[in-house]
Amino acid sequence: MSVPTAALESSICAPLPVLGQNVTVPLVTGGEVTYAALDYAASAPALQRVWDDVAAYAPYYGSVHRGAGYLSQLSTDLFENSRRTVAEFLGCRADDQVVFTRSTTDSLNLLAAAIPADCQVFVYETEHHASLLPWRDARVTYLNAPRTPAQAVESLERALADRDPYGPALVCVTGASNVTGELWPVKELAAAAHAHGARIVLDAAQLAPHHPVDIAELDVDWVAFSGHKLYAPFGSGVLAGRADWLQAAEPYLAGGGASRKVARRADGGVDVDWHTTAARHEAGSPNVIGVYSIASACKALTEAGFEGLVAREQELVGRVREGLAEVPEVQVLSLFGDDAPRVGVISFVVRGWNSSHFAAALSAEYGIGVRDGLFCAHPLVRTLLGSDPQDPGECGAPDAEPGERSLNAIRVSFGAGTPDEHIDRFLRGVSELVREGARWNYRTEDGRCVPDRGEAAQVPDTF
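Student: Can you lay out the packing of helix α2 (residues 70-89) against helix α9 (residues 288-304) for me, pointing to particular residues and giving the numbers?
Tutor: Two elements in contact, α2 and α9, have axes separated by 9 Å at closest approach and are oriented at 40 degrees. It follows that α2 is oblique to α9 by the angle criterion. Where α2 crosses over α9, the handedness of that crossing is left-handed. Residue-level contacts link Ser75, Leu78, Phe79, Ser82, Thr85, Val86 and Phe89 of α2 to Val288, Val291, Tyr292, Ile294, Ala295, Cys298, Lys299, Leu301 and Thr302 of α9. Considering only residue class, the contact of α2 with α9 consists of 11 nonpolar, 4 polar and 1 charged.

Put into structure tokens, the structure is as follows:
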């Protein structure tokens, strides 16, 4: 998979309107500034279009699948139409199912609960914890971090060929790294998996917001992603793909909606006839608002034109990488090298700085929100930093004081709603902090690096 460049130069589009683009935040040095949200990889701001669609529907909110009233019927139609919208967005095949979940993590745990009992799972150590950890009841082979896309394919082929016994197998791989932003050779990995009788699930949490995802074209068996990274509010996710394993598995949750018929037996027990559709794994009252918001985001991105969105994002990626390259103290983290195609996710460390201290200074002195830590991808970040697996470090700031070395990195991430000014301010902030140092003292408090001002940060009165 690659990101087109030259062919897209003429199709660059403007940033899409997002919520919070005019929010101002206080600076520790005095005054206020418009907040620069550069933590899209954690949660992207909701598109204004999505929020407007949800607000327009809210007065018509009703329970789905189990009401004869007009609002219930309307909500049911909206819910199922959203399923079709997502299927179209993902290029699903005719017999694929779209199951709505809470998040990517929930989607992959659902699939983990549905795999055959004798299934072997193959996962690269480079995965986010959402796709690294759910396979607790399976035989798991963890593959070392590859240093080229070709090496990723070769190592998978060797592992699949050597598996014993030769039975059902599942490969789990990310589409775009949540640490480096680098694109993985998904189509080639899918071909390798299928050639060895295995299936493959794509963690598209970081790919879907930045790049078209087509299940049929990539020839993957399942795709998982989250709404909150796709410019929709929290609390909704998707698992889409082949139906057979999902239909054969016990329902992920047991309860109303998953069952078609429940009857008492003469011996006092209960017989249950479970659905074979996506409803089998959607027990309970569904998150209609969350599902509709995902569908709205899918429509908004499609109508805006992914070609233009990708083109503009690649322009921003180039500017950030060029700007960081001008600061010798900055080391950008990468598996596949400088020429590897990537989305708008870039992680780095700064020589002489504790990463949490640096991120705190960007926030307090420049109004820039980035992420610091191990990004819920501990093995990958440790590998990229060349650390010993037992070195201290966790998701978030360590106990190291500002200025001390930390086993952490800084991540800047951006996307369809990022203005040019936010990128310019970020690069200026990095350059000035490295050249001139922080203008404020900082301390570690409750595991976070914060400005040392003797009082809590002021919360806006509008909260």
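Next comes the rest of the description.
Student: Let's hear about empty space enclosed by the protein: which residues, and what values?
Tutor: A full pass over the atoms with the stated rule returns 1 cavity of 30 Å³ or more. Around the largest cavity sit Pro209, His210, Tyr231, Phe306, Leu309, Arg312, Glu313, Gly415 and Ala416, which together line it. Of the residues contributing to the lining of the largest cavity, the split by class is 5 nonpolar, 2 polar and 2 charged.

Student: Just give me the short version of the sheet that holds strand β16 (residues 371-373), but keep the residues and values in it.
Tutor: Ordered in space as β13-β14-β17-β16, the 4 strands form an open sheet in which the pairing is antiparallel. The open sheet has two free edges, formed respectively by β13 (330-332) and β16, since each of these has just one partner strand. Averaged over all neighbouring strand pairs, the angle between strand axes comes to 30 degrees, with direction disregarded. In this sheet, strand β17 (residues 409-413) lies alongside strand β14 (residues 345-350) in antiparallel orientation, the contact comprising 4 bridges. Bridge assignment links phenylalanine 348 to a residue of β17, and that residue is isoleucine 410. Along the sheet, helix α10 (residues 306-325) makes contact with β13, β14 and β17, crossing β14 at roughly 10 degrees.

Student: Please provide a residue-by-residue account of helix α13 (residues 420-436), values included.
Tutor: Across its 17 residues, α13 extends 24 Å between first and last C-alpha, which sits within 8% of the 24 Å expected from 1.5 Å per residue. Residues His422, Ile423, Arg425, Phe426, Leu427, Gly429, Val430, Glu432, Leu433 and Val434 constitute the buried set of α13. The positive-phi residue at the C-terminal boundary of α13 is glycine 437, with phi of around 85 degrees.

Student: Give me the layout of surface pockets: which residues, what numbers.
Tutor: When its volume is computed, the second largest pocket comes out at roughly 420 Å³. Taken together, 22 residues form the lining of the second largest pocket, with Tyr35, Ala37, Ser43, Ala44 and Pro45 sitting closest to its centre.

Student: Run through the environment of proline 149, naming residues and quoting values.
Tutor: Locating proline 149 in the fold gives a position in helix α5 (residues 149-161). Taking C-alpha positions, proline 149 is 32 Å from proline 419, a pair spaced 270 residues apart along the chain. What proline 149 contacts, discounting residues up to four positions off in sequence, is Pro185 and Phe336.

So, how was this worked out
- Residues numbered from 1 in each chain as written.
- Predicted model: local features only at pLDDT ≥ 70, side-chain atom pairs only at ≥ 80, totals over all residues.
- Heavy atoms only, no water.
- Axes fitted to C-alpha atoms, helices over the stretch in contact; angles between N-to-C directions.
- Helix = DSSP H or I, 4+ residues; strand = E, 2+ residues; numbered from the N terminus.
- Parallel < 35°, antiparallel > 145°, perpendicular 65-115°, else oblique.
- Left-handed = near helix turned anticlockwise from the far one by under 90°.
- Contact = heavy atoms within 4.5 Å.
- Nonpolar A, V, L, I, M, F, W, Y, C, P; charged D, E, K, R; others polar.
- 1 Å grid on protein atoms, 1.4 Å probe; cavity = no way out; pocket = protein on both sides within 12 Å on 5 of 7 lines; lining within 4 Å.
- Points joined across faces, edges and corners; volume = space filled by probe spheres on them.
- Pairing = 2+ DSSP bridges.
- Expected span 1.5 Å × (residues − 1).
- Buried < 20%, exposed > 50% of the residue type's maximum accessible area, 1.4 Å probe, protein only.

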